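One letter stands for each residue in the lines below.
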Amino acid sequence: MHQVLANLQNHIRTQTAEVTKKITAGRGVISSVLNFMGLGDDALADDASMRFLQRLQSFQQDALDSLQQETQMLQQRNLPAAILERQQAVKNQLIAQYTDVLNKLSAVVEDQSLVDQQQKLDALNSLLKNLKTRKSHEVLDPDNLPWGTPDPELTPEPAQSAGLLSQRYDLPLFEQGVQLASNIITPDMLGNPGGPTQADLDATLDAPLSEIIRAKATELNHDPVAIYQWVRNHIEFIPSYGSIQGAEYTLRYGKGNAFDTASLLIALLRAANIPARYAFGTVRMPVDTVKNWVGNVQSASAAGNLLGQGGIPAKGLVSGGQVQLFELEHVWVEAWIDYLPSRGAKHSVGDSWIPMDASYKQYEYQDGMGLDQAVPFDAQTLVDNIQQNATVNEDEGWVQGLPQQDIEQALNTYQQQLEHYINNQNPDATVGDVLGTSSIKTVIRESLAASLPYELSTRKLVASSLTDAQRWKFKYELSGSYNGQPTNTLLSINEPTVKLAGKALSLSYTPASEDDEQLILSFLPEPDDNGEIDPAAIPDTLPGYLIHLNGEFAIGDTVVATTDELSMGTELISESGFWEPVRGWQTSRNQPVVGEYRAIALDLHGISQAQAETLKDNLEVTQQNLESETYTDFTKQDLVGDLLYSTILSYFALNNLQDTLQSKSANIIGYRAPSYGLFKTNIVPQYWFGVPRNVQLGGLTMDVDRVSNLQVETSNNSDNWLAYNRAQGARMSAMEHLVPEQMFTTADNPAYGISAVKAIQLATAEGQKIWTITQANIDIALPNINLPDDVMTEIRHAIRTGKEVTTHEKPLDFYGSSQFGYIILDPQTGAGAYKIGGGENGAFLVIFGLSILLIFGVFAFVTGGVGALFAFALINSALANIAAGVALIAKSLGQDGLAYFACSFAFVALSAVLSAVLAAFTALGAVASGLVSEIASILSIFSGC
């Protein structure tokens, strides 16, 4: 039924346009008179509408019978009267709409004039266009691609006065303070001009006085010199702007920008009962120290590019024809120190505000083995092989028959060559030996300096806490949907990222009432004599319209926002994204379906080992409780959320590991900027006249809506930077199917994932043409591609905005489901979207049985009884696999063991990466030398493995 209605919608829309076109073309005085007299042109022939009418008439009785059978089923299961009344109301609505469509369609096919035909088509079209027939395709804005690097040109120049700095970030323009002299602050000591206030000792959102902060301050003996030097010598600098992680996550992660490092230093000082505050200003730093500070770039332009990408207002100051200084907005700390006469070495009674900048530092860099030069990949041989065995049509822009086995053999040979070289050079080589190392130049002094190590070019501003204008924020807003546009807001959260750092986010659903709990439970099969449930007996389809659910948005285990009740299968609209100081909001839009569990992970500047360890421990506790049948106090976060969240978190963690390895090999300096993605259960609604008649359960989907990287080539070489961005994007796409496959595959139940690059690889193996479409060949390419209309519209729009699209000819049969992939790239920056059939920037995972169990598991433990037995027994089978995967990641983070683990994924991904990237590059008409260069660029990224 839903397919017939969708096809009817398309036909009536097209027929209406054709009739209108003919009437418009025939307008004139005579035609108008004839039309008025009823003697105008006859209606256009429309045999298709008659066939649709006959099909709908033949389906009518079957539809009525299915609704009546459902009524009888509900009665036989003794479900509450409210459920029966709900079903009757929707049944009456469906019958009325069915009758209305049939009547209007019958009017369309009658003998009539062209004008009458137009009026009746308009009436039917107005009815049909408001009736949803299928889940919407998720369309992106081609000028806001989900993966890429921030545009440094959007970062303003640094403030040239304290007044502008105050205005830009809502900072107090003048000091508000009190003078005092004591190392122990008591209420009677506060209030004298010039010194600290109670606010300089209080906990704040960014600088909390948590248990871990207090423990570290105690470990450092509450000594201000020791505290400052520990933060300065242990926290690595990230060139971004604004409060992102906060003190606690920065302490756990060991990395942070100037704001987060300042927050950590302030928190530790305040935990030691030493007043501390933030100081802000525009400063001038020598260019060579900045180049070292941001990652050892080799040019001032690269340093400026990286600062601008990170949102740090900065500019180079030229003298003698070269940049000699960088002027940038900066933040540091001032602490109330017993400075005289010991300069803080013996802290007893505070007497002075002393500046401390723990983020500004220099590094020692050690070169690695230089594998890209020592073991060069024989790209020319592979190019020759491609040219001999593949069919390349450069004029039309397609490639066919890439020699996949030869590519894989070349990669395996190259991997063996790398291993052989490393073993010969140093069989005990660490990751640092192979790729090179960086380490902070430590500073150990017994006292504190009285001044900053750089020049202050504006008057400083001070504050006890950061302002809202200096904090990154993340929002998630869920709305109703009408014709693809948001309507009423159902729930909304908008929080500083500091509050969310290291926490799982989720959107899930719970039965709206006890009646709905009973209804859901009625669809589960009864356990056998041994108390076990046969997974094969679990239904994969539910009557969505009958099941009412409440949406819940949770931060960790805490539900912070809820919706009113909604029908399962209803399509909604979500808008999520980050707010960044100065730059504002950058968001993405999705179409979630009521009933899905969406586990959302934020990767702000990287995944800490402590975060992965905590998740691993939670999974292991859940597994132990399930094995011991200890079912008390379980939540759906324990049963389902951690399974899904661990997958998306692992995706980010593994990509971060690979970026660390591969950027070194490619002479790229890179940092993860705030990013987010989700992993979810998959629900596909089937609509009857806009009502979610049935929902199909099956599959899991990864959707990574933002991956942002701060990265430059060390000498600011744009060609090498572009090649790296393209290869990195293709690798991250491959990881979207590889990570879920690895996490969910068991010996008895393999999982099969498909991402954009995997789809192109499979299409290549199938013999399909791989098209790379630009404005130059769009008219040739699009008629040869058979993908759904909404996808073709999206592709067409992307190309018209100057983007480049790579895709294959037609959908694939992927384990019983129709799948395809397409890549939208910005040819100037390498930013991209790597999309699959539903429009997600991600991957789809086929895992027979488990995805249905997860969907039921969300609701089953709420209902208790047989539902609880069902959820606990079946989800336990996947817990061991997920816990083992997360444990491996947690063990690998920060250790040399990460190399083999990350690279085992990397080389599996590389085959798919080469297939996608080389197909696109070859189809664009690259000469042999250019193709050799492209292959070399890709392989240099992976040579660290």
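As annotated in an unreviewed UniProt entry, the protein carries the name Transglutaminase domain-containing protein and is attributed to Bacterioplanoides pacificum.

A. View of the overall build of the protein. Within the protein, the secondary structure is distributed over 28 helices and 32 strands. Counting every position in the protein, which comprises 945 residues, the buried fraction comes to 58%. Within the protein, contacts between residues separated by at least 24 positions form 76% of all contacts whose residues are at least 6 apart in sequence. For the protein, the accessible surface area stands at approximately 36800 Å², while carbon and sulfur atoms represent 47% of it.

B. Broad picture of the confidence of the model for the protein. On average, the protein scores 84 in pLDDT, and the residues at 70 or more come to 85%. Across residues 177-192 the pLDDT falls below 50, and counting only partners more than four positions away or on other chains, this stretch makes 49 contacts in the model. Across residues 894-902, confidence stays below pLDDT 50; counting only partners more than four residues off in sequence or on other chains, it has 16 contacts.

C. Just the side chain of Asn-292, in detail. Its place among the elements puts Asn-292 in helix α11 (residues 287-293). Among residues more than four places away in sequence, those in contact with Asn-292 are Lys-361, Gln-362, Tyr-363 and Tyr-365.

D. Geometry of the sheet that holds strand β14 (residues 473-482). Spatially, the 4 strands line up as an open sheet ordered β15-β14-β20-β21, and their pairing is antiparallel. Whereas interior strands pair on both sides, the edge strands pair on one side only; in this sheet they are β15 (485-496) and β21 (584-590). Pairwise comparison of adjacent strand axes, ignoring direction, gives a mean angle of 20° for this sheet. With 9 bridges connecting them, β14 and β15 associate as antiparallel partners.

E. Region of interest: the environment of Gly-370. By the element assignment, Gly-370 lies in the loop between β8 (363-367) and α13 (371-374). The partly exposed category is assigned to Gly-370, whose relative accessible area is 32%. When the C-alpha positions of Gly-370 and Ala-666 are compared, they lie 9.9 Å apart, and in sequence the two are 296 residues distant.

F. The packing of aromatic side chains, seen in detail. Applying the stated criterion to the full structure yields 24 aromatic pairs. Measuring from ring centre to ring centre gives 6.4 Å for Trp-332 and Tyr-454, while their planes differ by 75°; the resulting arrangement is edge-to-face. A residue pair is termed long-range when its members are at least 10 positions apart, and Trp-332 in strand β6 (residues 322-337) and Tyr-454 in the loop between β11 (436-440) and β12 (455-456) qualify at 122 residues. Comparing Trp-332 with Tyr-454, the two get one shared label, buried. With a centroid separation of 5.6 Å and 70° between ring planes, the pair formed by Tyr-651 and Phe-652 is classed as edge-to-face. One aromatic cluster is present, built from ring pairs that chain together Tyr-169, Tyr-241, Phe-259, Tyr-278 and Phe-280.

G. Structural view of helix α24 (residues 789-800). For α24, built from 12 residues, the straight-helix expectation of 16 Å at 1.5 Å per residue is met to within 8% by its first-to-last C-alpha distance of 17 Å. Residues of α24 that are buried include every one of Val-791, Met-792, Glu-794, Ile-795, Ala-798 and Ile-799, and no others. One face of α24 carries all of its buried residues, which in axial projection span an arc of 160°. In α24, the exposed residues that point more than 90 degrees away from the buried face are Asp-789 and Arg-800. On its buried side, α24 packs onto β26 (770-773), α23 (778-781), β27 (804-808), β30 (821-825) and β31 (832-836). A positive backbone phi angle near 95° is found at Gly-802, which sits one or two residues after α24.

H. Region of interest: the packing of helix α4 (residues 81-108) against helix α18 (residues 514-522). For the pair α4 and α18, interaxial distance at closest approach is 9 Å and the crossing angle is 80°. Of the possible angle classes, the one that applies to α4 and α18 is roughly perpendicular. Contacts between α4 and α18 involve Ala-82, Ile-83 and Arg-86 on the former and, on the latter, Asp-515, Asp-516 and Leu-519. Its residues placed into classes, the contact of α4 with α18 shows 3 nonpolar, no polar and 3 charged.

I. Expanded view of the environment of Asn-10. Counting through the fold element by element, Asn-10 comes out in helix α1 (residues 2-25). Judged by relative accessible area, Asn-10 falls into the partly exposed class, the value being 23%. When the C-alpha atoms of Asn-10 and Leu-128 are compared, they prove to be 9.5 Å apart, with 118 residues separating the residues in sequence.

J. Main features of the environment of Thr-793. Within the fold, Thr-793 resides in helix α24. Between the C-alpha atoms of Thr-793 and Val-139, which are 654 residues apart in sequence, the distance is 9.3 Å.

K. Broad picture of the side chain of Gln-768. Along the chain, Gln-768 turns up in the loop between α22 (756-766) and β26. A relative accessible area of 2% places Gln-768 in the buried class. Of the polar contacts made by the side chain of Gln-768, one reaches the side chain of Glu-766; its length is 2.8 Å. Setting aside its immediate chain neighbours within four residues, Gln-768 contacts Val-399, Gln-400, Ala-763, His-808, Glu-809, Lys-810, Pro-811 and Leu-812.

L. Spotlight on helix α5 (residues 114-128). Its 15 residues place the ends of α5 21 Å apart at the C-alpha level, agreeing with the 21 Å of an ideal helix rising 1.5 Å per residue. Within α5 the residues assigned to the buried category are Leu-114, Gln-117, Gln-118, Leu-121, Leu-124, Asn-125 and Leu-128. Looking straight down α5, one finds its buried side chains confined to an arc of 135°; they lie on one side. Turning to α5, the residues buried within the fold contact α1 and α4.

M. How the structure looks around the nonpolar core. Ranked by internal contacts, the top residues of the largest apolar core, which has 131 residues, are Phe-553, Met-568 and Tyr-651. Element by element, the count of residues in this core is highest for helix α20 (residues 636-665), at 12 residues. Counting residues in each nonpolar core, the second largest holds 75 residues, with Ala-267, Trp-293, Ile-440 and Val-462 among its members.

N. Broad picture of the pairing of β30. Across the 5 residues of β30, 5 count as buried, placing the element largely inside the fold. Alternating residues of β30 divide into Gly-821, Ile-823 and Leu-825 and Tyr-822 and Ile-824, and every residue in both groups is buried. In the sheet, β27 pairs with β30 via 4 bridges, with the strands oriented antiparallel. Note that in β30 the partner of Glu-804 across the bridge is Leu-825.

O. Up close: unusual backbone geometry. Here the bond from Leu-340 into Pro-341 is cis, since omega is 5°, no more than 30 degrees from zero. Among the secondary structure elements, Pro-341 is positioned in the loop between β6 and β7 (352-356). Here Asn-483, not a glycine, exhibits a phi torsion of approximately 55°, which is positive. Along the polypeptide, Asn-483 turns up in the loop between β14 and β15.

P. Molecular detail of the pairing of strand β23 (residues 668-688). Counting buried positions over the 21 residues of β23 gives 19, a clear majority of the element. Of the strand pairs in this sheet, β23 and strand β24 (residues 691-713) are connected by 17 bridges, and their pairing is antiparallel. The residue of β24 that forms the bridge with Val-684 is Gln-696. Counted between consecutive antiparallel strands, the loop separating β23 from β24 contains 2 residues, among which Phe-689 sits at a positive phi close to 50°.

Q. Representation of the pattern of salt bridges in the model. Across all of its chains, the model carries 28 salt bridges by this definition. Lys-104 serves as the salt-bridge partner of Asp-100, at 2.7 Å between the closest nitrogen and oxygen. With Asp-100 and Lys-104 both in helix α4 and 4 residues apart, this pair spans about one turn of that helix. Taking the relative accessible area as the measure of exposure, Asp-100 reaches 27% and is therefore partly exposed. For Lys-104, a relative accessible area of 26% puts it in the partly exposed group. What you see here is one network of salt bridges that share partners, running through Glu-157, Arg-284, Lys-315 and Glu-327.

What counts, and where the lines are drawn
Residues numbered from 1 in each chain as written. Predicted model: local features only at pLDDT ≥ 70, side-chain atom pairs only at ≥ 80, totals over all residues. Heavy atoms only, no water. Helix = DSSP H or I, 4+ residues; strand = E, 2+ residues; numbered from the N terminus. Buried < 20%, exposed > 50% of the residue type's maximum accessible area, 1.4 Å probe, protein only. Contact = heavy atoms within 4.5 Å. Areas by Shrake-Rupley, 256 points an atom, 1.4 Å probe, with all protein chains shown as cover. pLDDT = per-residue confidence, 0-100. Pairing = 2+ DSSP bridges. Axes fitted to C-alpha atoms, helices over the stretch in contact; angles between N-to-C directions. Phe/Tyr/Trp six-rings, centres within 6.5 Å; stacked < 30°, edge-to-face > 60°. Expected span 1.5 Å × (residues − 1). Arc of directions from axis to C-beta. Parallel < 35°, antiparallel > 145°, perpendicular 65-115°, else oblique. Nonpolar A, V, L, I, M, F, W, Y, C, P; charged D, E, K, R; others polar. Polar contact = N/O pair within 3.5 Å; in protein donor to acceptor, adjacent residues only side chain to side chain. Core = buried A, V, L, I, M, F, W, Y, C linked by side-chain atoms within 4.5 Å. Salt bridge = Lys/Arg side-chain N within 4 Å of Asp/Glu carboxyl O.

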